[in-house]
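Coordinate inspection notes
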Amino acid sequence: MTTASAPKVVRKSDFELKPFMSSCNRRATWQVVNTLVPYGLLWWLAVTCLRQGLWPLLLPVIGLMVLFMARCFSLMHDCGHYSLFRQRTTNRWVGFLLGIVAGIPQLPWSRGHAFHHRHNGNWERYKGPSALVSAAAYNDFDGGKQALYRRLRHPLMLIPGGFFYLVIKPRIELLAGLAGLVPHAIATLRQAPATPWSQILASHQTTWWHSPEEFRDLFLNNIAVVAAWMGMGWWLGAGTFWLIYAPVMAFSAAVFICIFFVQHNFPGSYAESTAHWNAMQGVMEGTSDLQLHPLLNWFSADIGCHSIHHLCEAIPNYRLQEAHRRNAHLLTGVKRLRLSDIPSCFSYILWDERAGTLTTVDAQTAS
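All of the points below concern the structure found in this document. (Residues numbered from 1 in each chain as written. Predicted model: local features only at pLDDT ≥ 70, side-chain atom pairs only at ≥ 80, totals over all residues. Heavy atoms only, no water.)

What to know about the pairing of strand E4 (residues 348–352)
- Taken across its five residues, E4 has five buried, putting it largely inside the fold.
- The pairing of strand E1 (residues 133–134) with E4 spans two bridges and is parallel. Its bridge partner lying in E4, Val133 is registered against Leu350.
- Pairing analysis gives four bridges linking E4 to strand E5 (residues 357–360), with the strands arranged antiparallel. Paired with Trp351 across the bridge in E5 is Leu358.
- Counted along the chain from E4 to the antiparallel partner E5, the turn is four residues long, and its residue Gly356 has a positive phi close to 70°. (Buried < 20%, exposed > 50% of the residue type's maximum accessible area, 1.4 Å probe, protein only. Helix = DSSP H or I, 4+ residues; strand = E, 2+ residues; numbered from the N terminus. Pairing = 2+ DSSP bridges.)

Some points on the state of the cysteines
- Inspection of every chain in the model, using the stated rule, returns zero disulfides.
- Just so you know, Cys305 is unpaired, no disulfide at all, and the nearest cysteine sulfur is the one on Cys312, 14 Å from it.
- Since its relative accessible area comes to 12%, Cys305 is described here as buried.
- Unpaired in this structure, Cys345 has its nearest cysteine sulfur neighbour in Cys258, at a distance of 8.5 Å. (Disulfide = S-S within 2.5 Å.)

Observations regarding the pattern of salt bridges
- Tallying each qualifying case throughout the model produces eight salt bridges.
- With a shortest N-O distance of 3.4 Å, Arg11 and Asp14 are connected by a salt bridge.
- Of the charged contacts in the structure, one is a salt bridge between Glu173 and Lys169, with a shortest N-O distance of 2.7 Å. You can see Glu173 and its partner Lys169 sitting in helix H7 (residues 158–191), four residues apart, about one turn around the helix.
- For Glu173, a relative accessible area of 19% translates into the label buried.
- On the basis of relative accessible area, Lys169 is assigned to the partly exposed category, the value being 30%.
- One salt-bridge network, in which partners are shared between bridges, spans Arg92, Arg111, Glu213, Glu214 and Asp217. (Salt bridge = Lys/Arg side-chain N within 4 Å of Asp/Glu carboxyl O.)

Structure (structure tokens):
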């Protein structure tokens, strides 16, 4: 009689990743062009439909704009990992441009996203896109606070939350940061009038940015985005502009926040404390691969191949599928989700510290 052997522990060194890490400027440039040019043409078509009263055509046009904006965000995400183009500087400049189109400062966002990659599965350090609490903390809430917690994480909140995330939040962050920076600058210049601006900025401590470089990206992005709003409002009319822009931004943000959420919040998702966290388990058990139609894979820049992306963020999106196929035999333990699985994932909004996984409010109540 033979005993079953223990399952083989998969290590990062087992994967073949290096052949897929090379970026191609030609492919990257074509991706940017085939995203921004159609998006601009769709703006023209949407304005024409609105002015001509072609409402049945306007809705699908806006739907396409949402998908192209989601793709724009995905390409910005690749620039943040310095993987879309070969050169670091090119990724920064193109990422900054895509950040203007998407309404969000690319550098601060990408550095926050890099923190997620470093700590994925460590729910003591990184609490996901919706700031989840532990089951114990939830049980300590009173009834009203529990109800508010659930409502704020309801899938329908993705739409107003998406509008806030792209349109409002970056402006608030700049204004809140400047509210502390300006008094600091005045006080510093009173004491030492010759203090250079770079030194003033470097000496200012704030939670709104983590380096002078992030501040410059935040500041310039806001200037560019607000100037674009004003220019488009003057050109098209404020009403026309916002009737198109607002739903595009709200729904596109809802799409990519939804995808990001379900790729880390799902039945059995790995969720540990710092003391017991294992980075490789965070990848293999704390990420899911999302099975999408090829067209949706194109619009999402193949981010459905999420486990490979977490294993090596240096792999550009246009090599993810190939890398996934080459290493498929090592990824059999990764959770695979279909579109029909997405609604159920939004129930996993609590961290069960004892079980080391995410759980639902119903399961926690039953226990």
